[in-house]
Amino acid sequence: MLDAMSMDQLRTFIAAADEGSFSAAGRKLRRAQSVVSTTLANLEQQVGFALFERTGRYPQLTEAGRALLEQARATVGGMDAFKAKARTLAEGLEPELAVAVDVMFPIATLTAAVQAFKAEFPTTPLRLYVEALGAVVQPLLAGSCRVAIIGSLPEIPPGCAAEFLLSVKAVCVVAPCHPLAAAPGEIPQAEAAQHVQLVLTDRSTLTAGRNFGVVAAQTWRLADLGAKHAFLRAGLGWGYMPLHMVEEDLRTGKLVRIALEAHAPLGPGFSMHAIHMRDHPPGPAGRWFINQLKLV
């Protein structure tokens, strides 16, 4: 009986445990609740004991079910990894490498990696999308790129695998003519909130209705980091910038670093990660490019 057990049964078991009900598992798997119930009943018949207690309003894992759940996860995860590896080997070298890169990623590091990539894979075209927040992830989820380098979006999307690349320091800056430039010491959030904050906005709809690092009641939202940089230098507001982009401005006095309260949002910077879909990992060129970003 156990030899007839299928990966589909294990995936259904995991979905039911994670979602808390057979109907919710059906919605996640895009199946009727009756199909989920039948699949789990067959699995229980094969293992010889109940995996769920069904006396209450919602099914609860039995002690035996809890004991098998992590093993089921490991089995399914191993099969997913096997299929992903097999797909990568079957594909061979990518005919083209498309990468979405967070606008906060250091351009000098990216340029050096691209130069090295050109030398290593001279016949493989490289296509780059440079975006912010959810717009970095959107091409990956849509299947138009293989790898995304994220940082300004502080979340790893479901179904993605991630690996750390580097940290990018962020600083809060204003032009020397801005009223906050003359504020002594640490600036309370309440005071900063009285002035226009320049905020990088998302070209995609993935972060609609959400804010990252926003303090002020009045904000100007820009989809281009270069425009935000220019507006900051013109004294039109205050805002956060990656340190590598404003180091020269700070050195020459075109921008002034200000200190907000220690508990102000955003913190010291961004953690950059390379992500890809778990079931569609990068091929040889993509893997080489990710590793190069770590070395530069």
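We now turn to the structure provided with this report. (Residues numbered from 1 in each chain as written. Predicted model: local features only at pLDDT ≥ 70, side-chain atom pairs only at ≥ 80, totals over all residues. Heavy atoms only, no water.)

1. Description of the overall build of the protein
Helices and strands together make up the secondary structure of the protein, namely 10 helices and 11 strands. Relative to its length of 296 residues, the protein is extended, with a C-alpha radius of gyration of 25 Å against a globular reference of 19 Å. Here the C-alpha coordinates of the protein stretch approximately 75 × 55 × 25 Å along the principal axes. Counted over contacts in the protein with a minimum sequence separation of 6, partners at least 24 positions apart contribute 72%. With the model as given, the accessible surface of the protein reaches about 15,200 Å², and the carbon-plus-sulfur share is 55%. Each charge class in the protein was averaged separately, 27 positive and 26 negative side chains, and the resulting centres sit 2 Å apart. (Helix = DSSP H or I, 4+ residues; strand = E, 2+ residues; numbered from the N terminus. Rg over C-alpha atoms; globule rule 2.2 N^0.38 Å. Contact = heavy atoms within 4.5 Å. Areas by Shrake-Rupley, 256 points an atom, 1.4 Å probe, with all protein chains shown as cover. Lys, Arg positive; Asp, Glu negative; His and termini not counted. Charge placed at Lys NZ, Arg CZ, Asp CG, Glu CD.)

2. Topic: the pairing of strand S11 (residues 269-277)
Taken residue by residue, a regular strand's side chains alternate between the two faces of the sheet. Bridge analysis of strand S5 (residues 147-150) against S11 gives 3 bridges, and the strand direction is antiparallel. The partner of Ile149 across the bridge, within S11, is Ala274. Both strand S6 (residues 160-174) and S11 contribute to a ladder of 9 bridges, which runs antiparallel. The residue of S11 that forms the bridge with Ala161 is His276. (Pairing = 2+ DSSP bridges.)

3. A short note on the packing of aromatic side chains
For the structure on display, the rule yields 7 aromatic pairs. A ring pair is formed by Phe22 and Phe52, whose centres lie 5.4 Å apart and whose planes are at 85°; its orientation type is edge-to-face. In this pair, Phe22 is assigned in helix H2 (residues 22-29) and Phe52 in strand S1 (residues 52-53), connecting sequence segments 30 residues apart. For Phe22, a relative accessible area of 9% puts it in the buried group. Residue class for Phe52 comes out buried when judged on its relative accessible area of 3%. Ring geometry for Phe121 versus Trp288: centroids 5.6 Å apart, planes at 80°, classification edge-to-face. Placement of the pair is Phe121 in the loop between helix H5 (107-120) and strand S4 (126-131) and Trp288 in helix H10 (residues 284-295), with a sequence separation of 167 residues. Residue classification places Phe121 among the buried residues on the basis of a relative accessible area of 12%. On the accessibility criterion, Trp288 (22% relative accessible area) is partly exposed. (Phe/Tyr/Trp six-rings, centres within 6.5 Å; stacked < 30°, edge-to-face > 60°. Buried < 20%, exposed > 50% of the residue type's maximum accessible area, 1.4 Å probe, protein only.)

4. A word on the pairing of S4
As paired elements, strand S3 (residues 97-102) and S4 share 6 bridges and run parallel to each other. The residue of S4 that forms the bridge with Leu97 is Leu126. Handedness of the β-α-β unit built from S3, H5 and S4 comes out right-handed. (Right-handed = clockwise from strand over helix to strand, strands pointing away.)

5. Details of the nonpolar core
Phe105, Ile149, Leu165, Met272, Phe289 and Leu293 are the most contacted members of the largest nonpolar core, which totals 36 residues. Residues in contact with Ile149, not counting those within four places in the same chain, are Val99, Ala100, Val101, Asp102, Phe105, Val136, Leu165, His273, Ala274 and Leu293. Counting 16 residues, the second largest nonpolar core, distinct from the first, contains Leu10, Phe22, Val36 and Leu69. (Core = buried A, V, L, I, M, F, W, Y, C linked by side-chain atoms within 4.5 Å.)

6. Examining unusual backbone geometry
The backbone phi angle of Arg30 is positive, close to 60°, even though this residue is not glycine. If you trace the backbone, Arg30 turns up in the loop between H2 and helix H3 (33-47). Here the phi dihedral of Leu133 falls at roughly 50°; this positive angle occurs in a residue that is not glycine.

7. Section: the environment of Val199
Counting through the fold element by element, Val199 comes out in strand S7 (residues 197-200). Along the chain, Val199 and Arg221 lie 22 residues apart, while their C-alpha atoms are 4.8 Å from each other. Every residue in contact with Val199, bar those within four places of it in the chain, is listed here: Val214, Thr219, Trp220, Arg221, Leu222 and Lys228.

8. Regarding a nonpolar patch on the surface
Together, Trp220, Phe231 and Leu236 make up an exposed nonpolar region whose accessible area comes to about 240 Å². Relative to the elements of secondary structure, Trp220 occurs in strand S8 (residues 219-222). Looking at Trp220, the relative accessible area reads 35%, which means it is partly exposed. (Patch = residues over 30% accessible without salt bridge, like charges linked within 9 Å, V, L, I, M, F, W, Y side chains within 5 Å. Salt bridge = Lys/Arg side-chain N within 4 Å of Asp/Glu carboxyl O.)

9. As for the packing of helix H1 (residues 7-19) against H2
As a packed pair, H1 and H2 sit with axes 8 Å apart at the nearest point and diverge in direction by 120°. Comparing the axis directions of H1 and H2 gives the class oblique. Handedness of the H1/H2 crossing: right-handed. For the pair H1 and H2, contact is made by Thr12, Ala15, Ala16 and Glu19 and by Phe22, Ala24, Ala25, Lys28 and Leu29, respectively. Broken down by class, the residue content of the contact of H1 with H2 amounts to 6 nonpolar, 1 polar and 2 charged. (Axes fitted to C-alpha atoms, helices over the stretch in contact; angles between N-to-C directions. Parallel < 35°, antiparallel > 145°, perpendicular 65-115°, else oblique. Left-handed = near helix turned anticlockwise from the far one by under 90°. Nonpolar A, V, L, I, M, F, W, Y, C, P; charged D, E, K, R; others polar.)

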